[in-house]
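# Structural features, examined
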Amino acid sequence: MSRADDIARISEALSAADEVLKRFTPGEVASELKDGGDPLTAADTAVNEVLAKVLRGGDEGWLSEETTDAGGRLDRRRVWVVDPIDGTREFIDGIPEWCVSVGLVEDGVPVAGGVLSPPNGHLIIGSDETGVMCNGQPAGTTAAADIRGALVLASRSEVKRGEWERFFSTPIAVRNMGSVAYKLSLVGAGLADATWTLVPKNEWDVAGGAALVRAGGGQVFGVDGADVVFNRADPLMDGFIAVASGLRDQVMDLLEISPRP
């Protein structure tokens, strides 16, 4: 299967998800709490079903926030890693910072992805072979090479907990925003220079957006400076940093991450 075929499937899946979401009104959706305390809506479940229908192939693995993980994905070379609604709390509250995230991982590497943010009118799709398209137009990470004034997207909840306090006295420009995947996609499309979280996140929060950052010419690495790896037995990641390539060293200095030997 070609990468063009992968991109076509991602586009079809996100289009189908968009149709499903038209049945729901953000801010007016009932929710319940899952065992871990995260919210769940009927929209999450409905989008998960349509994504699985369009994306899943017989020889491919599947990892989704809304599907019980039976572990069968671990021996598959190609794995779809999806979050039907990343930013469910924002979706419930009617805050326009949520999205549908789709990532394709091959041999642990995010090679293709797509993020659909209906409230912002963004459809961002890309791969390691085709580059990034934002609403049908070619895009890519910024050419920023100076951290001074760089736009960095921060988690609103992390800022609220005080975890970004130390960055407010640095020369970066910080914008608070919900949805990990959406922030990553904006970096991949060149609408922001960087984003990071130094607290654990699940693979389904990160894979789609990470693929877009890489496709756009940027870099995604872990809090230890190593490349992120997906489709692990435990999908909980320690955190990640995503940057336009010209900012990598400066961001690592800012975060006090030592280069790997």
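Up top is the structure.
Report on the accompanying structure.

Criteria and cut-off values
Residues numbered from 1 in each chain as written. Predicted model: local features only at pLDDT ≥ 70, side-chain atom pairs only at ≥ 80, totals over all residues. Heavy atoms only, no water. Helix = DSSP H or I, 4+ residues; strand = E, 2+ residues; numbered from the N terminus. Expected span 1.5 Å × (residues − 1). Buried < 20%, exposed > 50% of the residue type's maximum accessible area, 1.4 Å probe, protein only. Contact = heavy atoms within 4.5 Å. Polar contact = N/O pair within 3.5 Å; in protein donor to acceptor, adjacent residues only side chain to side chain. Axes fitted to C-alpha atoms, helices over the stretch in contact; angles between N-to-C directions. Parallel < 35°, antiparallel > 145°, perpendicular 65-115°, else oblique. Nonpolar A, V, L, I, M, F, W, Y, C, P; charged D, E, K, R; others polar. 1 Å grid on protein atoms, 1.4 Å probe; cavity = no way out; pocket = protein on both sides within 12 Å on 5 of 7 lines; lining within 4 Å. Points joined across faces, edges and corners; volume = space filled by probe spheres on them. Pairing = 2+ DSSP bridges. Phe/Tyr/Trp six-rings, centres within 6.5 Å; stacked < 30°, edge-to-face > 60°. Lys NZ or Arg CZ within 6 Å of the ring centre and 35° of its normal. Core = buried A, V, L, I, M, F, W, Y, C linked by side-chain atoms within 4.5 Å.

Our focus in this paragraph is helix 2 (residues 42–55). With 14 residues, helix 2 extends 20 Å between its outermost C-alpha atoms, agreeing within 8% with the 20 Å of an ideal straight helix rising 1.5 Å per residue. For helix 2, the buried fraction is high: 10 of the 14 residues fall into the buried class. Of all the residues in helix 2, the buried ones are Ala43, Asp44, Ala46, Val47, Asn48, Val50, Leu51, Ala52, Val54 and Leu55. Buried residues along helix 2 sit against helix 1 (3–21), strand 2 (39–41), strand 3 (61–64), strand 4 (78–86), helix 3 (88–93) and strand 5 (99–106). Taking the backbone nitrogen of Ala43 as reference, a side-chain oxygen 3.1 Å away marks Thr41 as the first, capping residue of helix 2.

This brings us to the packing of helix 5 (residues 180–188) against helix 6 (residues 203–215). Where helix 5 contacts helix 6, the two axes come as close as 8 Å, and the packing angle between them is 0°. Classified by the angle their axes make, helix 5 and helix 6 are roughly parallel. Of the residues in helix 6, those in contact with Val180, Ala181, Leu184, Ser185, Val187 and Gly188 of helix 5 are Asp205, Val206, Gly209, Ala210, Leu212 and Val213. Here the contact of helix 5 with helix 6 is composed, by residue class, of 8 nonpolar, 3 polar and 1 charged.

What follows deals with empty space enclosed by the protein. Taken as a whole and judged by the stated rule, the model has 1 cavity of 30 Å³ or more. A volume near 30 Å³ is recorded for the largest cavity. Contributing elements (two or more residues each) for the lining of the largest cavity: helix 5 and strand 12 (194–197). Of the residues contributing to the lining of the largest cavity, the split by class is 3 nonpolar, 2 polar and 3 charged.

In spatial order, the strands read 11-10-12-16-14; together these 5 strands make up an open sheet with mixed pairing. Every other strand in the sheet has two partners, leaving strand 11 (173–177) and strand 14 (219–221) as the edge strands with one partner each. Neighbour-to-neighbour, the strand axes of this sheet turn through a mean angle of 20°, independent of strand direction. Where strand 10 (residues 151–155) meets strand 11, 5 bridges bridge the pair, whose relative direction is parallel. Its bridge partner being in strand 11, Leu153 is matched across the sheet by Arg175. Along the sheet, helix 6 contacts strand 14 and strand 16 (240–243); its crossing angle with strand 14, the most-contacted strand, is approximately 140°. In this fold helix 7 (residues 248–255) packs onto strand 12, strand 14 and strand 16, with an angle of close to 145° to the strand it touches most, strand 16.

With that settled, consider the pairing of strand 6 (residues 109–117). Taken across its 9 residues, strand 6 has 8 buried, putting it largely inside the fold. Direction of pairing for strand 5 relative to strand 6: antiparallel, over a ladder of 7 bridges. The partner of Val105 across the bridge, within strand 6, is Pro110. Remark: 4 residues form the turn of the hairpin made by strand 6 and strand 7 (residues 122–127), two consecutive strands paired antiparallel; Gly121 in that turn has positive phi of roughly 70°.

Right, let's get into the packing of aromatic side chains. One pass over the structure, following the stated rule, counts 4 aromatic pairs. On the numbers, 5.3 Å between centres and 70° between planes, the contact of Phe167 with Trp196 is edge-to-face. Here the residue Phe167 occupies a position in the loop between helix 4 (156–160) and strand 11, and Trp196 occupies one in strand 12, the gap between them amounting to 29 residues. For the residue pair Phe167 and Trp196, the accessibility class agrees, reading buried in each case. Counting every residue linked through ring pairs, the aromatic cluster contains Trp164, Phe167 and Trp196. The ring of Phe221 carries the charged tip of Arg248 above its face, separated from the ring centre by 4.0 Å.

Ranked by size, the top nonpolar core spans 33 residues in total, and within it Val81, Ile124, Leu184, Val206, Phe230 and Phe240 carry the most contacts. Put simply, the parts of the chain that give this core at least two residues each are strand 4, strand 5, strand 8 (131–134), strand 10, helix 5, helix 6 and strand 16. If one sorts the elements of this core by residue count, helix 6 sits on top with 7 residues. Apart from the residues lying within four places of it in its own chain, the contact partners of Leu184 are Thr195, Asp205, Val206, Gly209, Ala210, Val213, Phe240 and Ala242. Of all hydrophobic cores here, the second largest spans 30 residues; its members include Val82, Ile85, Val100 and Val102.

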